[in-house]
Amino acid sequence: MVVRIRFGTGRPMEDRAGKNGRAARIAASVLTLIAICLTTFGLWRVAQDLGWAGDFIIAEGFLSHWQVWIGAAVLLQWMAWRLLGYARGGEPDTDIPESAT
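About the criteria used
Residues numbered from 1 in each chain as written. Predicted model: local features only at pLDDT ≥ 70, side-chain atom pairs only at ≥ 80, totals over all residues. Heavy atoms only, no water. Helix = DSSP H or I, 4+ residues; strand = E, 2+ residues; numbered from the N terminus. Buried < 20%, exposed > 50% of the residue type's maximum accessible area, 1.4 Å probe, protein only. Areas by Shrake-Rupley, 256 points an atom, 1.4 Å probe, with all protein chains shown as cover. Expected span 1.5 Å × (residues − 1). Contact = heavy atoms within 4.5 Å. Core = buried A, V, L, I, M, F, W, Y, C linked by side-chain atoms within 4.5 Å. Phe/Tyr/Trp six-rings, centres within 6.5 Å; stacked < 30°, edge-to-face > 60°.

Draft legend 1. Structural context of the overall build of the protein chain. The number of helices and strands found in the protein chain is two helices and zero strands. Counting only residues that meet the buried cut, the protein chain has 18% of its 101 residues in that class. A total accessible area of about 8500 Å² is found for the protein chain, and carbon and sulfur atoms account for 63% of it.

Draft legend 2. A look at helix H1 (residues 21-50). Here H1 spans 43 Å end to end across 30 residues, near enough to the 44 Å set by a 1.5 Å rise per residue. Here H1 has its buried residues at Gly21, Ala24, Ala28, Leu31, Ala35, Leu38, Gly42, Arg45 and Ala47. Against helix H2 (66-88) lie the buried residues of H1. One or two steps after H1, the chain reaches Gly51, where phi turns positive at roughly 85 degrees.

Draft legend 3. Summary view of the nonpolar core. Membership of the largest hydrophobic core is limited to nine residues, which are Ala28, Leu31, Ala35, Leu38, Phe56, Trp69, Ala73, Leu76 and Ala80. In this view, Leu31 contacts Leu76, Met79, Ala80 and Leu83; residues no more than four positions away in its chain are not counted.

Draft legend 4. Geometry of the packing of aromatic side chains. Within this structure, the stated rule accounts for five aromatic pairs. For the pair Trp44 and Phe56, a centre-to-centre distance of 5.1 Å together with 70 degrees between the ring planes defines the contact as edge-to-face. Taken together, the residues Trp44 in helix H1 and Phe56 in the loop between H1 and H2 connect sequence positions twelve residues apart. Of the aromatic side chains, those joined through ring pairs into one cluster are Phe41, Trp44, Phe56 and Trp69.

Here's what the structure looks like:
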């Protein structure tokens with residue numbers, strides 16, 4: 001006895017830029033939130049160096065420097081901007097009116 005299972009054809013593949021736009025927007029939002037947290041740590045460390053805040057959570061080592069925290073925040077925010085650019089790749093620009101071009 002032979003049993004054959006037939007599946008439907010499903011949705012066709014789309015060949016366009018930014019087809020994973022939703023996932024890119026969600027990832028960009030999460031990266032932006034993490035970048036805000038890292039910036040907060042960096043500013044806390046700067047304030048602690050200036051004597052305006054209490055002790056920083058990490059007293060010594062690589063992560064005890066404010067440059068590391070601010071640099072990581074800048075890198076993550078850059079990645080979020082790149083993801084948003086990818087997500088916009090499949091959508092037409094509606095921000096610029098036609099009379100301005």
